[in-house]
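This is what each chain is made of:
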Amino acid sequence: VDSLDGQTALVTGGGGGIGTVVSRYFARVGATVVVADISRSAALKVAESLTADDLKARSLELDVTSLDDVMGAVENLVSVGLMPDILLTAHGFPQDARLVDMTAQNCSAVIDVCLSGTYNCIKAVAPHMIARQYGRIVTISSRAWHGNPGQANYSAAKAGVVGLTRSVAKELGRYGVTANTIAPGLINTPALRQLSTFDSISERAIRASSVKRLGEPEDVAEVALFLCGRGAGFVTGEVVHVSGGRFG
Ligand SMILES: NC(=O)c1ccc[n+]([C@@H]2O[C@H](COP(=O)([O-])OP(=O)(O)OC[C@H]3O[C@@H](n4cnc5c(N)ncnc54)[C@H](O)[C@@H]3O)[C@@H](O)[C@H]2O)c1
């Protein structure tokens, strides 16, 4: 594993199930992690748990749906010497409903956070990465990008994240900036375990997977760490499924 010593990683949704573990993976190999989340308390809790272990981290309250807020936050980080070398976007949520029952609010909320929020984060860091001629961008999409019943909004947003990431890869490769997306299958997070449907969703996911277990946040973090290392500089525009062989 490459050292991330001296690098800054901005992890959005850093207070969430996947973001928490990814933040720890990055910090453990030397990065200063900016744990950003719309939930101030969640971001703070993660950053404090890292600093308590002598790892480098700070928290940032951030709503990724506001381009102005994201741009402002990145400018502030740059001004204190924390220009993100790494952006990992682990914010977002589904709001499932069959298409006939889906409301306009269901649809726009998910597209705003999952797709526009990811766009805003990339837009804010890209000029700085270009200026530095180095950067690693990893977005989190979902295996649902292939299309999933009950998730027209989420699938559309995550397919958008795939297209966004691949376009960014094509535009920024010449500047030493890579962009890849991780498409997880069902990942065993605290938020997921709280769902009343957890047992049935898990059973269905395991049945449809080749590897007969749920994914863990660590499965995602391992891939994120590779993609964000210096050694992955010739890997860009990839959609890496971390789904135990479950596609579509
Ligand atoms: N858990 C899974 O099974 C799974 C599968 C595929 C994809 N994903 C994707 O992985 C990412 C992380 O999911 P997770 O399972 O860790 O979920 P999670 O709910 O545990 O974490 C998501 C985090 O995003 C934050 N967030 C929500 N809206 C935000 C906003 N506007 N600005 C900033 N932060 C915001 C939340 O506060 C939360 O801390 C999401 O994009 C999700 O769609 C998850």
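Residues numbered from 1 in each chain as written. Predicted model: local features only at pLDDT ≥ 70, side-chain atom pairs only at ≥ 80, totals over all residues. Heavy atoms only, no water.

**Q** What is the right way to read the overall build of the protein from this model?
**A** Scanning the protein for helices and strands turns up 8 helices and 7 strands. In summary, the protein has a C-alpha radius of gyration of 17 Å against a globular reference of 18 Å for 248 residues, a match within 12%. Projecting the C-alpha coordinates of the protein onto the three principal axes gives extents of approximately 50 × 35 × 35 Å. Residues classed as buried in the protein amount to 50% of the 248 residues present. In the protein, the proportion of contacts linking residues at least 24 apart, taken out of those at least 6 apart, comes to 72%. Accessible surface, the protein: about 11,300 Å² in total, of which carbon and sulfur atoms supply 53%. Measuring between centres, the 22 positive side-chain charges of the protein sit 6 Å from its 23 negative side-chain charges. (Helix = DSSP H or I, 4+ residues; strand = E, 2+ residues; numbered from the N terminus. Rg over C-alpha atoms; globule rule 2.2 N^0.38 Å. Buried < 20%, exposed > 50% of the residue type's maximum accessible area, 1.4 Å probe, protein only. Contact = heavy atoms within 4.5 Å. Areas by Shrake-Rupley, 256 points an atom, 1.4 Å probe, with all protein chains shown as cover. Lys, Arg positive; Asp, Glu negative; His and termini not counted. Charge placed at Lys NZ, Arg CZ, Asp CG, Glu CD.)

**Q** Explain helix H5 (residues 152-172) to me, please; I cannot follow it from the model alone.
**A** Each α-helix turn comprises 3.6 residues. Residues three or four places apart therefore point the same way. A rise of 1.5 Å per residue sets the reference length of H5, with its 21 residues, at 30 Å; its end C-alpha atoms lie 30 Å apart and thus fit the reference within 8%. Looking only at H5, the buried set comprises Asn153, Tyr154, Ser155, Ala157, Lys158, Val161, Val162, Leu164, Thr165, Val168, Ala169 and Leu172. In this structure, the buried side of H5 is in contact with helix H4 (104-132), strand S5 (135-140), strand S6 (177-184) and strand S7 (239-242). (Expected span 1.5 Å × (residues − 1).)

**Q** I tried to follow the packing of helix H3 (residues 67-79) against H4 on my own but got confused; where do I start?
**A** Helix-helix packing: each pair is described by the crossing angle between the helix axes and the interaxial distance. At their nearest, the axes of H3 and H4 sit 8 Å apart, and the two run at 35 degrees to each other. As for how H3 packs across H4, the hand of that crossing is right-handed. Each of Leu67, Val70, Met71, Val74, Glu75 and Val78 in H3 lies in contact with H4, whose residues at this interface are Asn120, Cys121, Lys123, Ala124, Val125 and His128. Taken together, the residues of the contact of H3 with H4 sort by class into 8 nonpolar, 2 polar and 2 charged. (Axes fitted to C-alpha atoms, helices over the stretch in contact; angles between N-to-C directions. Left-handed = near helix turned anticlockwise from the far one by under 90°. Nonpolar A, V, L, I, M, F, W, Y, C, P; charged D, E, K, R; others polar.)

**Q** Just to check I follow, could you spell out the nonpolar core for this structure?
**A** If you look at soluble globular proteins, the nonpolar side chains tend to sit buried side by side. Phe26, Val33, Val35, Leu50, Leu88, Ile182 and Val220 are the most contacted members of the largest nonpolar core, which has 33 residues in total. Those elements that provide at least two residues to this core are strand S1 (8-12), helix H1 (17-28), strand S2 (32-37), helix H2 (40-51), strand S4 (86-89), S5 and helix H8 (217-227). Residues in contact with Ile182, not counting those within four places in the same chain, are Val138, Thr139, Ile140, Ser141, Ser142, Val220, Val223, Ala224, Leu227, Val240 and Val242. Formed by 32 residues, the second largest nonpolar core is a distinct cluster that contains Leu62, Ala73, Val113 and Ala144. (Core = buried A, V, L, I, M, F, W, Y, C linked by side-chain atoms within 4.5 Å.)

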